[in-house]
Amino acid sequence: MSTNPNKLTTSWGAPVGDNQNSMTAGARGPTLIQDVHLLEKLAHFNRERVPERVVHAKGAGAHGYFEVTNDLSGYTKAAFLSEVGKRTPMFIRFSTVAGELGSADTVRDPRGFAVKFYTEEGNYDLVGNNTPVFFIRDAIKFPDFIHTQKRHPQTHLKNPNAVWDFWSLSPESLHQVTILMSDRGIPATLRHMHGFGSHTFKWVSDRGEGVWVKYHFKTEQGVKNLDVDLAAKLAGENPDYHTEDLFNAIANGDFPAWKLHVQIMPLEDADTYRFDPFDVTKVWSQKDYPLIEVGRMVLDRNPENYFAEVEQATFSPGSFVPGIEASPDKMLQGRLFAYSDAHRYRVGANHNALPINRPKAEANNYQRDGQMRPDTNGGGSVYYEPNSYGGPAQSPEHKPAAYAVSGQADSVAYDHHDHYTQAGDLYRLLSEDERERLVRTIVGAMMPVEKDEIKLRQIGHFYKADPDYGQRVAAGLGLSVPQGD
Ligand code: HEM
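An unreviewed UniProt entry annotates the protein chain as Catalase of Paenibacillus hemerocallicola. We quote the UniProt Sequence similarities (unreviewed entry) comment for the protein chain here in full: "Belongs to the catalase family." Quoted verbatim from the Catalytic activity (unreviewed entry) heading of the UniProt record, the comment on the protein chain is "2 H2O2 = O2 + 2 H2O".

Dropping the structure here:
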């Protein structure tokens, strides 16, 4: 059937007679309900929004490819990493965390760094941030943490009191708070920042042997950050500054690229390492586990349509492919549930059938029906298992590697309570200028906190990381470091 793209039609494909004047009873009379084109147009408009992401609502995306530059197939059987030179198409979505869909890009916030690799064995999503650690280390604290980053239920304002109350009562946040308040808290552009998987993951080889890994994407553009005054000005003048920069860079053929590295830890080291390597508030020393190059990611194509691709993209830390598995990280374990659940609510049960999320490898299973099923829904093929009709069957060689666990079912904290050494090491690495800016930023952020009790508790944490750190924040706030803490 031939179609004429210049002919305006309704959503059911019928030609529209008039798209400028609604049908009225007489030239000056009321509008007629029989103008079904008008009804459809207004009704569809009312349904243009899907719920924004509960976190990471504001984002920018791009397509590209990942190319293997180093053969690590001895560590993982992941097919897309199997040989040097192999290319896999990918899509990335960068985001801020706390702001709403229309919020400013140049705010102080971690940046999301969510990558979808369309591999021949299904989609692999690496849903990370531009920081190697996180504020908390148990998923059970996430909703409370995010409440403090969002708006006050009465005033609908951001609430520094809640932010610092929560952080000061959750000292595991200190490392990430120090990164966030440092120059890296406001990247110059989305191109000038590193990306991290943050959690520990497991790689499994075709011999069934595992290792723990951490991912690091290193920007080839170099790390650059924004001066706070410029960032504030841009937030007012061009709230979409980062989104625009990414789009224009790619449109102009200036394709941003990142080198992907991993740190690899033998499985047994997890039992004896000086802290729990599954604790996402800690980085592994690169002296102990050096960076090993894996490949290169290049972003070379802008989305054709923001909503279809960027807004409807659904990334899940649980979208693994054979050769890559979860670790017992208590945050990661919670995320394995949270994302797909969010996608079913935000986009729908068939979100993985949408073009941006659909695997390049065919999805064959017994899931049927559900709202907005955009494909052939399995046609007349067998729709249950087990069956005698040659329907898709499991492949036991792709079972995740067996993993020994022991102990009692209980709600237990990580047993390592040194929240201070790594935050202090970071502080000590900074130049005097960087420390000065860090302290100024923290003092500015803490000044509006109502209760001195909260400020003093937090100063105690900075002090434990490094006495100079604590003393300078205390001085900036006109307080003294609490004694005996
Ligand atoms: C988005 C939950 C921790 C990175 C989201 C979304 C949820 C969520 C519900 C929205 C998903 C959607 O609507 O599509 C959680 C929970 C966490 C957690 C429960 C802790 C238990 C983290 C951590 C990182 C992270 C540790 C990074 C290391 C992201 C990113 C996105 C996101 C990058 C945006 C994905 C996109 O671009 O669509 N998170 N999150 N989250 N989260 Fe988390």
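The predicted model of the protein chain averages 97 in pLDDT, with 99% of residues at 70 or higher. Between the elements of the protein chain, mean pLDDT differs from a low of 96, seen in helix α7 (residues 269-272), to a high of 99, seen in strand β1 (residues 59-68). Confidence estimates for the predicted assembly give a pTM of 0.97 and an ipTM of 0.98.

This next bit is on the pattern of salt bridges. If you walk through the whole model with that rule in mind, you get 31 salt bridges. Put simply, E48 and R49 hold a salt bridge, and the shortest N to O gap is 3.9 Å. When its relative accessible area of 34% is taken as the criterion, E48 is described as partly exposed. One salt bridge in this structure joins R373 and D375, with 2.7 Å as the shortest N-O distance.

On to the UniProt feature "active site" (unreviewed entry) in the protein chain. Residues given the UniProt feature "active site" (unreviewed entry) here are H56 and N129. Spanning 74 residues, the named residues nonetheless gather at one spot, since no C-alpha pair among them exceeds 10.5 Å. The residue H56 is located in the loop between α1 (36-46) and β1 in this model. A residue is classified by how much of its surface remains accessible, and H56, at 18% relative accessible area, is buried.

Right, let's get into the coordination of the iron atom of the ligand. Looking at the protein side alone, the iron atom of the ligand has one donor only, Y339 (OH), at 1.7 Å. Looking at where Y339 falls in the secondary structure, it is placed in helix α9 (residues 330-346).

When you tally the buried positions in strand β4 (residues 122-129), you get eight out of eight residues, the bulk of the element. Bridge analysis of strand β3 (residues 111-119) against β4 gives eight bridges, and the strand direction is antiparallel. When the sheet's bridge partners are listed, K116 is paired in β4 with D125. The loop that links β3 with its antiparallel partner β4 comprises two residues.

This brings us to the packing of aromatic side chains. Applying the stated criterion across every chain, the model contains 31 aromatic pairs. Relative to F113, the ring of F94 has its centre 5.4 Å away and its plane inclined at 80 degrees; by these criteria the two rings are edge-to-face. Residue F94 is located in strand β2 (residues 87-96), and its partner F113 is located in strand β3; the two are separated by 19 residues in the primary sequence. Pair check on accessibility: F94 and F113 agree, each one buried. Here the aromatic rings of W203 and Y215 are separated by 6.2 Å at their centres, their planes lie at 70 degrees, and the arrangement is edge-to-face. You can see W203 sitting in strand β6 (residues 201-204) and its partner Y215 sitting in strand β7 (residues 210-219), a full 12 residues away along the chain. Residue classification places W203 among the buried positions, given a relative accessible area of 0%. Each member of the aromatic cluster is reached from another via a ring pair, and the members are F134, F135, F142, F145, W164, F166, W167, Y427, F462 and Y469. Positioned above the aromatic ring of F315, the side-chain terminus of K116 is 5.2 Å from the ring centre.

Before going further, it helps to examine a nonpolar patch on the surface. Among the surface-exposed residues, W12, I33, V36 and L39 lie close enough to one another that they form a single nonpolar patch of about 440 Å² accessible area. Relative to the helices and strands, I33 resides in the segment before α1. Its relative accessible area of 70% is what places I33 among the exposed residues.

Another point: the packing of helix α2 (residues 142-149) against helix α3 (residues 160-169). Running from N to C, α2 and α3 cross one another at 145 degrees; their axes reach a closest spacing of 7 Å. The residues of α3 that touch α2, namely those facing D144, F145, T148 and Q149, are A162, V163, F166 and W167.

To continue, consider the domain arrangement of the protein chain. Along its sequence, the protein chain is carved into domain 1 (59-136 + 184-353) and domain 2 (420-477). Computed over C-alpha atoms, the centres of domain 1 and domain 2 are 29 Å apart.

With that settled, the discussion passes to helix α11 (residues 432-446). With 15 residues, α11 ought to run about 21 Å at 1.5 Å a step, and its terminal C-alpha atoms sit 21 Å apart, in line with that. Buried residues of α11: R435, L438, V439, T441, I442, V443 and M446, and no others.

Now for the environment of D279. Among the structural elements, D279 can be located in the loop between α7 and β9 (292-301). Filtering out sequence-adjacent residues up to four positions away, D279 remains in contact with R137 and Y414. Among the polar contacts listed, one links the side chain of D279 to the side chain of R137, at a separation of 2.6 Å. In this structure the side chain of D279 is engaged in a polar contact, spanning 2.6 Å, whose partner is the side chain of T281.

Attention now goes to the UniProt feature "binding site: heme" (unreviewed entry) in the protein chain. Within this numbering scheme, the UniProt entry marks Y339 as carrying the feature "binding site: heme" (unreviewed entry). Look at Y339 and you get partly exposed, because its relative accessible area is 22%. Setting aside residues no more than four positions away along its own chain, Y339 makes contact with V127, F315, S316 and P317.

Criteria and cut-off values
Residues numbered from 1 in each chain as written. Predicted model: local features only at pLDDT ≥ 70, side-chain atom pairs only at ≥ 80, totals over all residues. Heavy atoms only, no water. UniProt positions renumbered as here; feature names shortened; annotations may be inferred. pLDDT = per-residue confidence, 0-100. Helix = DSSP H or I, 4+ residues; strand = E, 2+ residues; numbered from the N terminus. Salt bridge = Lys/Arg side-chain N within 4 Å of Asp/Glu carboxyl O. Buried < 20%, exposed > 50% of the residue type's maximum accessible area, 1.4 Å probe, protein only. Donors = N, O, S within 2.8 Å, 3.2 Å for Na, K, Ca; no water. Pairing = 2+ DSSP bridges. Phe/Tyr/Trp six-rings, centres within 6.5 Å; stacked < 30°, edge-to-face > 60°. Lys NZ or Arg CZ within 6 Å of the ring centre and 35° of its normal. Patch = residues over 30% accessible without salt bridge, like charges linked within 9 Å, V, L, I, M, F, W, Y side chains within 5 Å. Areas by Shrake-Rupley, 256 points an atom, 1.4 Å probe, with all protein chains shown as cover. Axes fitted to C-alpha atoms, helices over the stretch in contact; angles between N-to-C directions. Contact = heavy atoms within 4.5 Å. Domains from an automatic or database assignment. Expected span 1.5 Å × (residues − 1). Polar contact = N/O pair within 3.5 Å; in protein donor to acceptor, adjacent residues only side chain to side chain.

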